[in-house]
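So the chains spell out like this:
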Amino acid sequence: MKLGIVGLPNVGKSTLFNAITNAGAQSANYPFCTIEPNVGVVAVPDKRLDELAKMYEPDKYTPATIEFVDIAGLVKGASKGEGLGNKFLSNIREVDAVVHVVRCFENDDIIHVDGNIDPKRDIDTINVELILSDIEILERRIDKTQKLIKGDKKYQADLDFFKRVKEALDMGRPARSVECTPEEAELLSSVSLLTNKPVIYAANLSDSDFKNGSADGNKFFDAVKEIAESENAAVLPICAEIEAEISGMENDEKELFLSEMGLEQSGLDRLINACYDLLGLISFLTAGKQEVRAWTITKGTKAPQAAGKIHTDFERGFIRAEVVSYDELMECGSMTAAKEKGLVRSEGKDYVMKDGDIVLFRFNV
């Protein structure tokens, strides 16, 4: 999974990126500090994997990973190549989802490119540039579809749908806000529209406003939340300053600090959970002396396709999957005990994988 962190200059993008990846991206109080996108790979925290490691004492421990890309700050005119617009647009096309950092704190020492704090204006600035880019792409697809209709009227429904999406874009609404049937959603995904990418708005708050993982009473956060709801996006309150403070701590120290702040999880953990929910992702696990490992798949994936994540031969020669749930294995204390209790199931090609399944795939090529 590849996530792009975007936002206007000086909203806390690089501070947040540094904190969650410890990649040391440069952070400074002026626009375009981030020119080339910084990339950091983060292990997905999974306590289930930690417990399996205690059980098996494996030679290798491999968590799932997420790649975070810190993309240059965007300004007005980016769709026409202003600032670093062309570079921004090409970088954002490559990510699976967008983490849009929005400034929701006031601080006279940190310059805002537009002079004052206004989340709606800031979000609109970026959305407008993405929408303008999308309109160009969609117009080309509409022209192509109109030519296809001359030879086959079955493309009329596609044309009508594309025109409906363009109407939304013309009104300043992102493509993801358009109500779609499953068939229309699949058709829309065939057009590379930036505003159709899943988005999480990360509302960056001051440490005084960010209490117990919420932002109750912060008018800026309320504005972001309202926008997110209107366009089928997610929203997450976060404090980049706190994340920066805990990024260098040892686990015990970090847990104590978070507990004192009234937080159960770090911002990184909450962000990863939100991204998994947004993209419809789950993890299945493989465990043994050789390796314990987490594998990321989409909800609804069947056993053979999950096996294919490990190796294409596993999918091609799939025979069955031997499955036990994580909770049942932990209750039994060992795989042998789980088998004796009949909790290890033999599942076939139609089995839909569940989050936390521990699996051994049988195959023959």
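Here, the structure is the one placed above.
With that settled, the discussion passes to the overall build of the protein. Tallying secondary structure elements over the protein gives 14 helices and twelve strands in all. By residue count, 48% of the 365 residues in the protein fall in the buried class. In the protein, once contacts between residues fewer than 6 apart in sequence are set aside, the share between residues at least 24 apart is 68%. Just so you have it, the protein exposes about 18100 Å², and 46% of that area is on carbon and sulfur atoms.

To continue, consider the sheet that holds strand 5 (residues 97-103). With respect to topology, six strands assemble into an open sheet ordered 2-4-1-5-6-7, the strand pairing being mixed. Where the open sheet ends on each side, the last strands, each with one partner, are strand 2 (38-43) and strand 7 (234-238). Strand-to-strand twist of the sheet, defined as the mean angle between neighbouring strand axes without regard to direction, takes the value 25°. Together, strand 1 (2-6), strand 2, strand 4 (65-70), strand 5 and strand 7 form the strand contacts of helix 1 (residues 13-21), whose direction differs from that of strand 4 by roughly 155°. Along the sheet, helix 7 (residues 219-230) contacts strand 5, strand 6 (199-204) and strand 7; its crossing angle with strand 7, the most-contacted strand, is approximately 160°.

With that settled, the discussion passes to the environment of Asn-107. Tracing the chain through its elements places Asn-107 in the loop between strand 5 and helix 4 (119-149). Along the primary structure Asn-107 and Ser-206 are separated by 99 residues, whereas in three dimensions their C-alpha atoms are 8.9 Å apart.

Attention now goes to helix 2 (residues 47-56). Within helix 2, the full set of buried residues consists of Arg-48, Leu-49, Leu-52, Ala-53 and Tyr-56. Looking down the long axis of helix 2, one finds its buried residues gathered within 140° of arc, a one-sided arrangement. Along helix 2, exposed side chains directed more than 90 degrees from the buried face belong to Lys-47 and Lys-54. Close packing links the buried residues of helix 2 with strand 3 (60-62), strand 8 (281-286), strand 9 (291-298), helix 13 (326-332), helix 14 (335-340) and strand 12 (357-363). In this structure Asp-46 caps helix 2, since a side-chain oxygen of it lies 3.0 Å from the backbone nitrogen of Arg-48. With its phi angle positive at about 45°, Glu-57 sits one or two positions after the end of helix 2.

What counts and how
- The residue numbering used here restarts from 1 in each chain and proceeds along that chain's sequence as written.
- Where local features are concerned, this predicted model is filtered to residues with pLDDT of at least 70; where side-chain atom pairs are given and counted, the filter is 80 or more; whole-chain, interface and lining totals use all residues.
- Side-chain numbers come from the whole structure's heavy atoms, not from hydrogens or water.
- Counting from the N terminus, the helices are the DSSP runs of H or I reaching at least four residues and the strands are the DSSP runs of E reaching at least two.
- The rule is simple: take the accessible area with a 1.4 Å probe, protein chains only, and divide by the maximum for that residue type; under 20% is buried, over 50% is exposed, in between is partly exposed.
- Pairs of residues are marked as contacts when any of their non-hydrogen atoms sit within 4.5 Å.
- Using a 1.4 Å probe, accessible areas were evaluated by the Shrake-Rupley method; residue-level cover was limited to the displayed protein chains.
- Pairing between strands requires that DSSP locate at least two bridges from one strand to the other.
- Here an angle of 0 to 180 degrees is reported between the N-to-C directions of two axes, which are lines fitted to C-alpha atoms, with helices fitted over the stretch in contact.
- Throughout, the arc means the angular range of directions from the helix axis out to the C-beta atoms.
- Any N or O atom pair separated by 3.5 Å or less is treated as a polar contact, with the protein-specific requirement of one donor-capable and one acceptor-capable atom, and with residues adjacent in sequence counted only for side-chain atom pairs.

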